[in-house]
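Working through the structure, step by step
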Amino acid sequence: VVFIGLLADILDGMTARKLKVGTKFGSFFDELADLTAFGIGPAVYFMRHGIDNGGSFLATRVVGYLYMLASVYRISRELVVHRGQRPLFFVGITTNMASLILTVLVFLFDSLAISAWLPIPVFLLSVLMVVPRKFYKDPSGLFIGFAEQKRSIEDADAAEKSEEGEKAISKKEE
């Protein structure tokens, strides 16, 4: 289901850009769909797998809910920071990428019969989703040039510094 969701998300984005029908509502709705398909769904899948395969009930639940919360935080931050716009970078790894990694890890750990250790990499995925580091949207540079992505990050950094300066001035005036 995660792979079908990834394919649908890619096709939806490509179609919207090709037809030039992107709206703020569409962007917000896409993020909600991402939360459901790549945040909540994979977290439930991970928890169900961990509990059914003899993993620690407490560790599996705690890490599963942390993954879910990290997904909510990451998507919320994107909606607030980018205000529905689509910059050429990500802040933290995307929920789409994390869900793909989580799904592969579940299959890998299950086949190696080490599912009890699965909460450790899932916890690390959760941390990577919320880390405030900017990553290029296209690390290969094939679809979006490196210079263009770098400029997008620099513009965002400048806007953040400008907002911080404005906040400091208003605080000073109070």
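In what follows, the structure referred to is the one given above.
Computed from a predicted structure; not experimentally measured. (Residues numbered from 1 in each chain as written. Predicted model: local features only at pLDDT ≥ 70, side-chain atom pairs only at ≥ 80, totals over all residues. Heavy atoms only, no water.)

1. Looking at the overall build of the protein chain
Each helix and strand counted, the protein chain has 6 helices and 2 strands in total. Across the protein chain, helices and strands are ordered from the amino to the carboxyl terminus as α-α-α-β-α-α-β-α. Expressed as lengths along the three principal axes of its C-alpha atoms, the size of the protein chain is roughly 55 × 45 × 30 Å. Expressed as a percentage of its 174 residues, the buried residues of the protein chain come to 36%. Long-range pairs, those at least 24 residues apart, make up 70% of the contacts in the protein chain with a sequence separation of at least 6. Here the protein chain has roughly 11,100 Å² of accessible surface; of this, 69% comes from carbon and sulfur atoms. (Helix = DSSP H or I, 4+ residues; strand = E, 2+ residues; numbered from the N terminus. Buried < 20%, exposed > 50% of the residue type's maximum accessible area, 1.4 Å probe, protein only. Contact = heavy atoms within 4.5 Å. Areas by Shrake-Rupley, 256 points an atom, 1.4 Å probe, with all protein chains shown as cover.)

2. Quick look at the side chain of Thr95
Mapping Thr95 onto the fold places it in helix α4 (residues 95-111). The class for Thr95 is buried, based on a relative accessible area of 3%. A polar side-chain atom of Thr95 sits 3.3 Å from a polar atom in the side chain of Asn96. What Thr95 contacts, discounting residues up to four positions off in sequence, is Asp34, Phe38, Tyr67, Ser71, Arg74, Ile75 and Met129. (Polar contact = N/O pair within 3.5 Å; in protein donor to acceptor, adjacent residues only side chain to side chain.)

3. Overview of the packing of helix α1 (residues 2-19) against helix α2 (residues 24-52)
In the contact formed by α1 and α2, the axes pass within 11 Å of each other and the chain directions differ by 165 degrees. As the angle between them shows, α1 and α2 are arranged roughly antiparallel. As for how α1 packs across α2, the hand of that crossing is left-handed. On α2, the residues touching Val2, Gly5, Leu6, Asp9 and Asp12 of α1 are Asp30, Asp34, Ala37, Phe38 and Pro42. (Axes fitted to C-alpha atoms, helices over the stretch in contact; angles between N-to-C directions. Parallel < 35°, antiparallel > 145°, perpendicular 65-115°, else oblique. Left-handed = near helix turned anticlockwise from the far one by under 90°.)

4. Topic: the pattern of salt bridges
Between side chains of opposite charge, a pair can form as their charged atoms come close. Counting across every chain of the model gives 2 salt bridges. Among the salt bridges present, the one from Asp52 reaches Arg48, with a minimum N-O distance of 2.7 Å. With Asp52 and Arg48 both in helix α2, this residue pair falls 4 residues apart, about one helical turn. Asp157 is the salt-bridge partner of Lys134, the closest N and O atoms lying 2.8 Å from each other. Residue Lys134 is found in strand β2 (residues 134-136), and its partner Asp157 is found in helix α6 (residues 146-173); the two are separated by 23 residues along the sequence. (Salt bridge = Lys/Arg side-chain N within 4 Å of Asp/Glu carboxyl O.)

5. Section: unusual backbone geometry
For Lys20, which is not glycine, the phi dihedral falls at a positive 55 degrees. Relative to the helices and strands, Lys20 is located in the loop between α1 and α2. The class for Lys20 is exposed, based on a relative accessible area of 76%. The residue Ala113 is not glycine, and still its phi comes out positive at about 60 degrees.

6. Here's the deal with the packing of aromatic side chains
The final tally for this structure, using the stated rule, is 2 aromatic pairs. Ring centres 5.8 Å apart and planes at 25 degrees place the aromatic pair Phe25 and Phe29 in the stacked group. One end of the pair, Phe25, and the other, Phe29, are both in helix α2, 4 residues apart, so they sit about a helical turn from each other. Judged on exposure class, the residue Phe25 and its partner Phe29 are both exposed. Centroid distance Tyr136 to Phe146: 5.9 Å. Interplanar angle 40 degrees. Geometry classified as tilted. In this pair, Tyr136 is assigned in strand β2 and Phe146 in helix α6, connecting sequence segments 10 residues apart. On the basis of relative accessibility, which here comes to 41%, the residue Phe146 falls in the partly exposed class. (Phe/Tyr/Trp six-rings, centres within 6.5 Å; stacked < 30°, edge-to-face > 60°.)

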